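So you can see what is in the structure, the chains are spelled out below.
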2 protein chains.
Amino acid sequence: MSALRIGLLGHGTVGSAFEQLLAERAERVEQLTGRRPEICGVLTRSAGDFDAILERSDLIVELIGGVDDALDYVRRSLEAGRGVVTANKQLLSRHGEELWELARHRGVALGFEAAVAGVVPVIRVLRESLAGTRIERVHGIVNGTTNFILSEMTRTSCSYDVALAEAQRLGYAESDPSDDVGGADAAAKMAILARLAFDVPVHIDDVRFEGIEQITPADIAYARDLGLALKLIGTAERLSDGISVRVHPAFLYAGHPLASVGGSFNAVTVEAEAITEITMSGPGAGGMQTASAVLGDVIAAVSPDRARGEGVGGPVAAAAAVPIIEDVVSAFYLHMEVVDRPGVLAKIAAELGDQGASIESVVQRGLGESAQLVMVIHPLLESRLRTALEQITKFDFIHSPPRAIRVIDEKFE
Amino acid sequence: MSALRIGLLGHGTVGSAFEQLLAERAERVEQLTGRRPEICGVLTRSAGDFDAILERSDLIVELIGGVDDALDYVRRSLEAGRGVVTANKQLLSRHGEELWELARHRGVALGFEAAVAGVVPVIRVLRESLAGTRIERVHGIVNGTTNFILSEMTRTSCSYDVALAEAQRLGYAESDPSDDVGGADAAAKMAILARLAFDVPVHIDDVRFEGIEQITPADIAYARDLGLALKLIGTAERLSDGISVRVHPAFLYAGHPLASVGGSFNAVTVEAEAITEITMSGPGAGGMQTASAVLGDVIAAVSPDRARGEGVGGPVAAAAAVPIIEDVVSAFYLHMEVVDRPGVLAKIAAELGDQGASIESVVQRGLGESAQLVMVIHPLLESRLRTALEQITKFDFIHSPPRAIRVIDEKFE
């Protein structure tokens, strides 16, 4: 019976939880893999010797985060023939192709389930269950912080700032929340999901993203009136002339499988003709939950039924890059503050009509100088909507620039 | 480049869809496995020679259904060293241990993702992603026919018979629907899920099941008033002194991840301390959807990174059998038709109280000879509730025996 010597890089929330979980489940890991796991060394930002840990380890678990140091560690581990399990989405969304290629070339495992949506098994399902499926689209709630904030705003009608403060108090948001609330964190995860779904290279720089900082209680209240739920949605989809990968707030019709995902949970829906759709949901963060996803990858990396080979080392080699489409078709919710006087709606409708935008519904609240106008617009190219909004902004009866939020509505699709 | 010769047993809805899907995705399968797939023979109930097909095949796909013939075919295939992919839940819920043991012994693949919940990847997630996790409970909507009928009854307030006829008209229910609506189909699937979740042998005979034939529009209307959704729920759970595996109609509180699963979709929630919970949902039936799950298993069975070994041949060898607990604790909804006169509620409450049943809420509708009394009872052992109901049935003011439906409510747990 040989030991399974694990070198652990990083000892923060997830690293500590992984160490604890591994100890609790050591007997089970031994039953499954035939090897007794042990932590043979821990590297933190302030202590430990990477070379010494690498030398005596069979497998490296990278939970130290960041990009540059982590890239160096993972690269050197793979080059030394060690399997690696990582939760590092920023690393893979920037350097995934190099690392997956290296793992394939060396025939070693590179597991990364914990990098996207925590314990939700979307990586394994995309790579294995759906390996033969031609995937059309992936929609995901892949950031728990923003989902918690939007859920709070929906539940209590509070402002964005109040909901953010509550998220920080409960540990769902960091003291500097900008990566989460601005959409960059979700963008990194969607780059990885798009790579797996479509087998083409996708870098985080290919992902357009917007955050939730501009969402107001009024948006959420109007959405509720319209029967919609507001979420920060990542989308990766196959279009006729390329792919689109993007993250932005979006209204979902009430029956959408992501509409009922509340709190800090994550969820991903995969759509394809042959499968209709599959949705997976669960905790997107949390030390023990993320550690569980890491443990699943550790077991897979060393199970006797898994030779070291292409499928384990990462996704199949990417096909040639395809065009990344920036300008896509979407339905929109528009929110404007206007002076309520005769002809206002007609002028707005005319500008929209000039760009081919047709109005699905209109709600007006208030009168006189402070009326709020909310519209839902049938799907059209984003660029055409932007052109219309630029014109509308110039009217003297518009108090502040119109705000546009996308609507994902099966009725339109 | 060698061919991947697939012997196909069964050519009904799923078999035909699999043949079509395999042709469409042949190039992708070749990319992933290095082998070009081809159907080298088809066996139907009326045509084809199993021995000849086995002789020239590399892999057998069993979609012929039934138990006895299928057992013979799968057993002989594994004995001949062929990998097998099957969608046959009845076969595995009765003879799984023998077949998994045979696959392990021969070192060949035995894939069965399509046997439970169609394309929902619950088998792979339990066997791989959660291999290291100590699972506490699995709740599943694993029968699409009954979920469609209950969804229709909820949506249109129609009777069970009308909803069943609609399900038959749309092809969601067979002309003899008894296996589905009576719960036996779901019971077979829950036996397989319990085996994987707890690694102990579970036979379909270990699963208690009830169907949905007795559900009335009044039950659903009352449930709506109480904020609950009615589903046919399979439960497999670890108890202090054994496990319980059962299928029965149950009311779910509105926030439960299975409460919003509508139509013919299937969904499974897996609960464990380390992961909190994961929910997976998608189409539970449909020829192409089930064929997609079969294709995923075919690819996994022959991928170069998968040696033939324990993990692929089936779940790990079962631990010793543990006690199957029949009498479990549950909250209940009770529906009674009573004569409305003074003292009726007090007498009912006294009988319940004698068995330790405490009343959470009461709703009474109607007056005089035809009052309907609906109660929700806090969790207690089923046997104690049954004892109370036997006594209550004897009262002369009870028009028909009380009906009891379980309630799954996080508030009580």
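Just so you know, these numbers come straight off a predicted model, no measurement behind them.

Side note on the overall build of chain A
- When you go through chain A residue by residue, the secondary structure sums to 15 helices and 15 strands.
- A compact globule built from 413 residues would reach a C-alpha radius of gyration of about 22 Å, and chain A, at 23 Å, matches this within 12%.
- Expressed along its principal axes, the backbone C-alpha trace of chain A runs to roughly 85 × 45 × 35 Å.
- Burial statistics for chain A: of 413 residues in total, 53% are counted as buried.
- Contacts in chain A between residues at least 24 apart in sequence constitute 73% of all its contacts with a sequence separation of at least 6.

Let's talk about helix H1 (residues 13-24) of chain A
- The first and last C-alpha atoms of H1 of chain A sit 17 Å apart over twelve residues, in line with the 16 Å expected at 1.5 Å per residue.
- Looking at the buried side of H1 of chain A, the elements it contacts are strand E1 (3-9), helix H2 (26-33), strand E2 (36-43), strand E3 (59-62) and helix H12 (287-302) of chain A.

Remarks on the sheet that holds strand E5 (residues 110-111) of chain A
Residue and element names in this part refer to chain A.
- Read from one edge to the other, the open sheet built from five strands follows the order E2-E1-E3-E4-E5, with strand pairing classed as parallel. Taken across any chain shown, the strands that pair with only one partner, and hence form the sheet edges, are E2 and E5.
- Where E1 lies against E3, four bridges are found, and the strand directions are parallel. In the sheet register, Leu9 faces E3, and the bridge partner there is Glu62.

Digging into the pairing of strand E9 (residues 242-253) of chain A
Residue and element names in this part refer to chain A.
- In terms of residue burial, E9 counts as a mostly covered element, since nine of its twelve residues are buried.
- Across two bridges, the pairing between strand E7 (residues 208-209) and E9 is parallel. Looking at E9, one finds that Phe209 is bridged to Val247.
- Inspection of the sheet shows strand E8 (residues 228-239) paired to E9 by twelve bridges, in the antiparallel sense. Residue pairing across strands places Leu230 opposite Phe251, the latter belonging to E9.
- Connecting E8 to the antiparallel partner E9 that follows it, the hairpin turn spans two residues.
- Here three bridges tie E9 to strand E15 (residues 398-408), and the two strands are oriented parallel to one another. Paired with Ala250 across the strands is Arg406, a residue of E15.

Topic: the pairing of strand E10 (residues 265-272) of chain A
Residues and elements named next belong to chain A.
- The buried fraction of E10 amounts to seven of the eight residues, a majority that puts the element mostly inside the structure.
- In terms of strand pairing, strand E6 (residues 137-141) meets E10 through five bridges, oriented antiparallel. Bridging from a neighbouring strand, His139 pairs with Thr269 of E10.
- In this sheet, strand E11 (residues 276-283) lies alongside E10 in antiparallel orientation, the contact comprising eight bridges. For Glu271, the partnering residue across the bridge sits in E11 and is Glu277.
- Where E10 hands over to E11, the hairpin turn is made up of three residues, counted between the paired strands.

What about the environment of Gly255 of chain B?
- Assignment of secondary structure puts Gly255 of chain B in the loop between strand E9 (242-253) and strand E10 (265-272).
- Separated by 154 residues in sequence, Gly255 of chain B and Asp409 of chain B have C-alpha atoms that sit 9.2 Å apart.

A closer look at the relation of the copies chain B and chain A
- Note on the identical chains: chain B maps onto chain A by a rotation of 180° and an axial translation of 0.0 Å, with an RMSD of 0.1 Å. Taken together, the turn and the small shift mark the pair as related by a two-fold rotation axis.
- The residues that chain B uses at the interface reappear at the interface of chain A in 100% of cases, marking a shared surface.

As for the interface of chain B and chain A
- Contact residues are listed per partner, giving 47 residues for chain B and 47 residues for chain A.
- Looking at the side of chain B that touches chain A, the element that brings in the most residues is strand E11 (residues 276-283) of chain B, giving eight residues.
- Classifying every residue of the side of chain B that touches chain A gives 23 nonpolar, 15 polar and nine charged.
- One ladder, built from three bridges, connects E11 of chain A with E11 of chain B; its direction is antiparallel. Counted as the bridge partner of Thr279 of chain A is Ser281 of chain B from E11 of chain B.

Description of the environment of Ala317 of chain A
- Mapped onto the elements of the fold, Ala317 of chain A is located in the loop between helix H13 (310-313) and strand E12 (329-338).
- Between the alpha carbons of Ala317 of chain A and Val200 of chain A there is a distance of 8.3 Å; along the sequence they are 117 residues apart.

Some points on the confidence of the model for chain A
All names here are of chain A.
- In this model, chain A carries an average pLDDT of 92, and 96% of its residues clear a pLDDT of 70 or more.
- Here residues 306-312 scores under 50 on pLDDT; set against residues more than four positions off or in separate chains, the count is 21 contacts.
- Our summary of model confidence lists the complex with pTM equal to 0.93 and ipTM equal to 0.91.

Thoughts on H2 of chain A
All names here are of chain A.
- If you check which residues of H2 are buried, you get Val29, Leu32 and Thr33. Along H2, the residues classed as buried sweep out an arc of 80° about the axis, all on the same side.
- Buried residues along H2 sit in contact with E1, E2 and H12.
- Among the residues trailing H2, Gly34 stands out with phi positive, at a value near 75°.

As for the packing of helix H6 (residues 122-129) of chain B against helix H10 (residues 184-198) of chain B
Residue and element names in this part refer to chain B.
- Orientation of H6 relative to H10, taken along the N-to-C sense of each, is 15°, at an axis distance of 9 Å. With respect to each other, H6 and H10 are oriented roughly parallel. Read as a crossing pair, H6 and H10 show a hand that is left-handed. Residue-level inspection shows Val122, Ile123, Leu126 and Arg127 of H6 in contact with H10, the latter providing Leu193, Leu196 and Ala197.

Notes on the sheet that holds strand E4 (residues 83-86) of chain B
All names here are of chain B.
- Spatially, the five strands line up as an open sheet ordered E2-E1-E3-E4-E5, and their pairing is parallel. Two strands in the sheet have a free side with no partner beyond their single neighbour: strand E2 (36-43) and strand E5 (110-111).
- Bridging between strand E1 (residues 3-9) and E2 involves seven bridges; their strand directions are parallel. Looking at the pairing, Leu4 lines up with Pro37 of E2.

Digging into unusual backbone geometry
Residue and element names in this part refer to chain B.
- A positive phi angle is found at Ser157, which is not glycine, with a value near 60°.
- Within the element layout of this structure, Ser157 appears in the loop between helix H7 (144-156) and helix H8 (160-169).
- Its identity is not glycine, yet Asp199 carries a phi of approximately 55°, on the positive side.
- Relative to the helices and strands, Asp199 resides in the loop between H10 and strand E7 (208-209).

Some thoughts on the packing of helix H5 (residues 89-106) of chain B against H10 of chain B
All names here are of chain B.
- Two numbers describe how H5 lies on H10: the axes approach to 8 Å, and their chain directions differ by 50°. With respect to H10, the axis of H5 lies oblique. In this structure, the crossing between H5 and H10 has a hand that is left-handed. When H5 is examined against H10, the residues Lys89, Gln90, Leu92, Ser93 and Gly96 are found in contact with a partner set consisting of Ala188, Lys189, Ala191, Ile192 and Arg195.
- A per-class count over the contact of H5 with H10 returns four nonpolar, three polar and three charged.

Examining the environment of Ser370 of chain A
- Summarising the element assignment, Ser370 of chain A is placed in the loop between strand E13 (359-365) and strand E14 (371-381).
- Sequence separation between Ser370 of chain A and Gly34 of chain A is 336 residues; the distance between their C-alpha atoms is 71 Å.

Definitions and limits used
- Counting from 1, residues in each chain are numbered in the order their sequence is written.
- Throughout, the order in which chains and ligands are written sets their labels, letters from A for the former and numbers from 1 for the latter.
- Reporting of local features is limited, given that this is a predicted model, to residues whose pLDDT is at least 70; pairs of side-chain atoms are given and counted only at 80 or more, and all residues count toward the totals for whole chains, interfaces and linings.
- Secondary structure is summarised from DSSP: a helix means a run of H or I of at least four residues, a strand means a run of E of at least two, and numbering begins at the N terminus for each.
- Our radius of gyration looks at C-alpha atoms and nothing else; its globule reference is 2.2 Å times the residue count to the power 0.38.
- Partly exposed residues are those whose C-beta has more than 12 but fewer than 20 other C-beta atoms within 10 Å; 20 or more makes a residue buried and 12 or fewer makes it exposed, with C-beta atoms placed from the backbone.
- Throughout, a residue-residue contact means that the two C-beta atoms, derived from backbone geometry, are no farther apart than 7 Å.
- The span one expects for a helix is its residue count, reduced by one, times 1.5 Å.
- When DSSP locates at least two bridges between a pair of strands, those strands are taken to pair.
- A least-squares fit on C-alpha atoms brings the copies together, and the residues used are those whose pLDDT is at least 70 in both copies.
- By the convention adopted, Pro, Cys, Tyr, Trp, Phe, Met, Ile, Leu, Val and Ala count as nonpolar, Lys, Arg, Asp and Glu as charged, and the other residues, Gly among them, as polar.
- Confidence per residue, as judged by the predictor, is encoded in pLDDT with a range of 0 to 100.
- In this description, one arc is meant: the one made by directions from the helix axis to the C-beta atoms.
- Here the axes come from fitting lines to C-alpha atoms, over the contacting stretch only for helices, and the angles between their N-to-C directions go from 0 to 180 degrees.
- Orientation labels follow simple angle bins: below 35 degrees gives roughly parallel, above 145 gives roughly antiparallel, 65 to 115 gives roughly perpendicular, and whatever is left gives oblique.
- Two helices that cross are described as forming a left-handed crossing if the nearer one is turned anticlockwise from the farther one by less than a right angle, and a right-handed crossing if clockwise.

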